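# Understanding the architecture of this molecule
Read off the chains here:
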Amino acid sequence: MADPRDIVLGDGAGSVPGVLAEPAGPHAGGVVVLHEAFGLTSHIRSICGRLAGAGYLAVAPALFHRQGAPVLGYDQFDRARPLLGGLRAGQIASDTDAALALLAARGIAAGRRAAVGFCMGGSIALIMATRAGLGAAVTFYGGGVGQGRFGYPPLADAAASLRVPWLGLFGDLDQSIPVPDVERLAQQAARAPVPTEVVRYPDAGHGFHCDERGSYAPAAAADAWSRTLAWLVTYLTG
């Protein structure tokens, strides 16, 4: 696994702190990694490193940088709540555009870029996949399926507008994302003119992929990661 390093995306008033991990050899593409409500945690840094180890240039913007880019513990959701409440779609677009610009500057064409997001970042990954500039996207337990967040429409409403192949990974025990919502999301995504897939894990809850959380589900996490890498290999062909 490659070691990620701190960077600054862009310059001037629009600069965004973030994390970058680079593959040892030629890259197979680039991935924007979108963090959970807890910031650029060691888990998100490890995701960047794992993607770099698989051959991808991985960059994770600090979406809470306007509030000082805090990194919170998983037991500090009370501190995360106001950060989430203050986040707006336009700010997110500016930050993700900065990450995409870095990939473009490294010579990575749009069809070889992906977004992979977790929790709130999973929601953002789906929204990014409704726009140009990517070749694929993966959502891990992204909320806001039935009710929009950050100024976005509900994900179930946006899903039919997906423009690039999208993979959704959800746990049936996730109390914040009920199974009926996931099923509706899958049905709406299936209407999009691109390949889509939703995978449900019966014994997994929210945050099942993070090995630093009590909700970590090793079998589901391993399967979801394998599917993620396979999705990138299949669709990042531009």
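This part is about helix α3 (residues 89-105). Because an α-helix completes one turn every 3.6 residues, residues spaced three or four positions apart along the sequence face the same direction. With 17 residues, α3 extends 24 Å from end C-alpha to end C-alpha; this agrees with the ideal 24 Å at 1.5 Å per step. Within the span of α3, buried status applies to Ala-89, Ile-92, Asp-95, Thr-96, Ala-98, Ala-99, Leu-100, Leu-102 and Leu-103. Two residues or fewer after α3 comes Gly-107, characterised by a positive phi angle close to 85°.

Summarising the element assignment, His-209 is placed in the loop between β8 (196-201) and α7 (218-235). Assessed through its relative accessible area of 3%, His-209 is described here as buried. Among all residues touching His-209, those that are not within four sequence positions of it are His-43, Ile-47, Arg-50, Phe-118, Phe-140, Tyr-141, Tyr-216, Ala-221 and Trp-225.

On to the packing of helix α1 (residues 42-53) against α7, then. Two elements in contact, α1 and α7, have axes separated by 12 Å at closest approach and are oriented at 50°. Of the possible angle classes, the one that applies to α1 and α7 is oblique. The two elements α1 and α7 cross, and the hand of that crossing is right-handed. Counted together, Ile-47, Arg-50 and Leu-51 of α1 and Trp-225, Leu-229 and Leu-232 of α7 form the full contact between these two elements. Residues of the contact of α1 with α7, tallied by class, amount to five nonpolar, no polar and one charged.

So, on to helix α6 (residues 179-189). Val-182, Leu-185, Gln-188 and Ala-189 are the residues of α6 that are buried. All buried residues of α6 project into a common sector of 125° when viewed along the axis, lining one side. Residues of α6 that are exposed and point more than 90 degrees away from the buried face comprise Pro-180 and Gln-187. Among the structural elements, α4 (120-128), α5 (155-158), β7 (166-171) and β8 are those in contact with the buried residues of α6.

Working note: regular strand, side chains alternate between the two faces of the sheet. The buried fraction of β7 is high, at six of six residues. The alternating pattern of β7 places Trp-166, Gly-168 and Phe-170 and Leu-167, Leu-169 and Gly-171 on opposite faces, both of which are buried. With four bridges joining them, strand β6 (residues 136-140) and β7 adopt parallel strand pairing. Paired with Thr-139 across the bridge in β7 is Gly-168. Examined bridge by bridge, β7 and β8 share six bridges and lie parallel to one another. Across the sheet, Leu-169 pairs through a bridge with Val-199, a residue of β8.

What counts, and at which threshold
Residues numbered from 1 in each chain as written. Predicted model: local features only at pLDDT ≥ 70, side-chain atom pairs only at ≥ 80, totals over all residues. Heavy atoms only, no water. Helix = DSSP H or I, 4+ residues; strand = E, 2+ residues; numbered from the N terminus. Expected span 1.5 Å × (residues − 1). Buried < 20%, exposed > 50% of the residue type's maximum accessible area, 1.4 Å probe, protein only. Contact = heavy atoms within 4.5 Å. Axes fitted to C-alpha atoms, helices over the stretch in contact; angles between N-to-C directions. Parallel < 35°, antiparallel > 145°, perpendicular 65-115°, else oblique. Left-handed = near helix turned anticlockwise from the far one by under 90°. Nonpolar A, V, L, I, M, F, W, Y, C, P; charged D, E, K, R; others polar. Arc of directions from axis to C-beta. Pairing = 2+ DSSP bridges.

Structural measurements only, silent on function.
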